[in-house]
Amino acid sequence: MAEIKIEKKKPIWPWFILVLIILAAIYFFWYYNDNKHDADDDLMTNDSITQIDNDQIYRETNEDTTSLYDGSYGDVVNEKAIADYLTYIDNEKMGVDHQFTNGALMHLITATEAEARNMNVDVNANLEQAKQQATEITKDPTSLKHADKIKIAAGEISTALKTIQEQKFPNLSSEADMVKTLASKIDTKMATLQQKEDVKSFFDNSGKLLQNMNAHENDNQ
């Protein structure tokens, strides 16, 4: 009778263990790389934030020390509108024709508006009225009534400057009073060219007052 041999099956558990080892190796390899990637991202983010902070400090430092105007009226730091006004009137060749007068008034209004905004003082009503009068000057260049519009505009601007001075710059009282006095001296019955020195004096003293305000503002920062 023939002998029947039964072949034993090879155990599969070694293969099972091998698969587990491979999976574990893959998992730890992935986990290590992921953590390293996150750490690198954090480092890059921190470096970027530091760079942004340093750039911001550099820009702010530059802005604080940059003179936007350095002329016969003194230095102006930080406030471009005031610098633009002083640059505009700091010109011996300028006259007081309707174009120059309109330009000077509009620059002065913008500069006063900027200073009021910086100091958180509301003078909008005065400056809106001044803008309206300044605009009227250019509508009819041949009009003989420019002086009355200039006087109204100058009066509104001087009132706005006086308001800013009273609320924020008590030591500039005499300078603000001078601007108001010069505004009131403009004669509505006289042609602008016949009183150009008075008109230019108003612009000059307004510029000096704004420059002083700017200097005091930056000294106190």
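As the structure is a computational prediction, the values presented were derived from the model and not from experiment.

1. So, the side chain of Lys162
Working step 1: Considering the arrangement of structural elements, one finds Lys162 in helix H5 (residues 146-168).
Working step 2: Within polar-contact distance, the side chain of Lys162 engages the side chain of Ser173 at 3.5 Å.
Working step 3: In this structure Lys162 touches Ser173, Ala176, Asp177 and Lys180, once residues within four positions along its chain are discounted.

2. Digging into a nonpolar patch on the surface
Working step 1: There is a patch of nonpolar side chains on the surface, built from Leu18, Val19, Leu20, Ile22, Leu23 and Ile26 and spanning about 530 Å² of accessible area.
Working step 2: Summarising the element assignment, Ile26 is placed in helix H1 (residues 13-65).

3. Looking at the UniProt feature "coiled-coil region" (unreviewed entry) in the protein chain
Working step 1: Mapped onto the present numbering, the UniProt feature "coiled-coil region" (unreviewed entry) falls at residues 113-140.
Working step 2: Between the end C-alpha atoms of residues 113-140 there is a gap of 26 Å, over a span that is 82% helix and 0% strand.

4. Section: the nonpolar core
Working step 1: Counting 43 residues, the largest nonpolar core has Tyr85, Leu86, Ile89, Ile164, Phe202, Phe203 and Leu210 as the members making the most contacts within it.
Working step 2: Take this core: its biggest share by element is eight residues, from helix H3 (residues 98-119).
Working step 3: In contact with Phe203, not counting residues within four places along its chain, are Tyr85, Ile89, Phe100, Thr101, Ala104, Leu105 and Leu108.

5. Side note on the pattern of salt bridges
Working step 1: Scanning the model with the defined rule gives four salt bridges in all.
Working step 2: With a closest N to O distance of 2.8 Å, Asp84 and Lys80 form a salt bridge. Of the two residues, Asp84 and Lys80 both sit in helix H2 (residues 80-89), four residues apart, roughly one turn of that helix.
Working step 3: Using a relative accessible area of 51% as the deciding quantity, one classes Lys80 as exposed.
Working step 4: When the shortest N-O distance is used, the salt bridge between Lys162 and Asp177 registers 2.7 Å. Note that Lys162 is positioned in helix H5 and Asp177 in helix H6 (residues 173-185), a separation of 15 residues in sequence.
Working step 5: The exposure class of Asp177 is partly exposed, given its relative accessible area of 34%.
Working step 6: Salt bridges linked by common partners bring Glu113, Glu128 and Lys131 together as one network.

Rules behind the numbers
- Residues numbered from 1 in each chain as written.
- Predicted model: local features only at pLDDT ≥ 70, side-chain atom pairs only at ≥ 80, totals over all residues.
- Heavy atoms only, no water.
- Helix = DSSP H or I, 4+ residues; strand = E, 2+ residues; numbered from the N terminus.
- Polar contact = N/O pair within 3.5 Å; in protein donor to acceptor, adjacent residues only side chain to side chain.
- Contact = heavy atoms within 4.5 Å.
- Patch = residues over 30% accessible without salt bridge, like charges linked within 9 Å, V, L, I, M, F, W, Y side chains within 5 Å.
- Areas by Shrake-Rupley, 256 points an atom, 1.4 Å probe, with all protein chains shown as cover.
- Salt bridge = Lys/Arg side-chain N within 4 Å of Asp/Glu carboxyl O.
- UniProt positions renumbered as here; feature names shortened; annotations may be inferred.
- Core = buried A, V, L, I, M, F, W, Y, C linked by side-chain atoms within 4.5 Å.
- Buried < 20%, exposed > 50% of the residue type's maximum accessible area, 1.4 Å probe, protein only.

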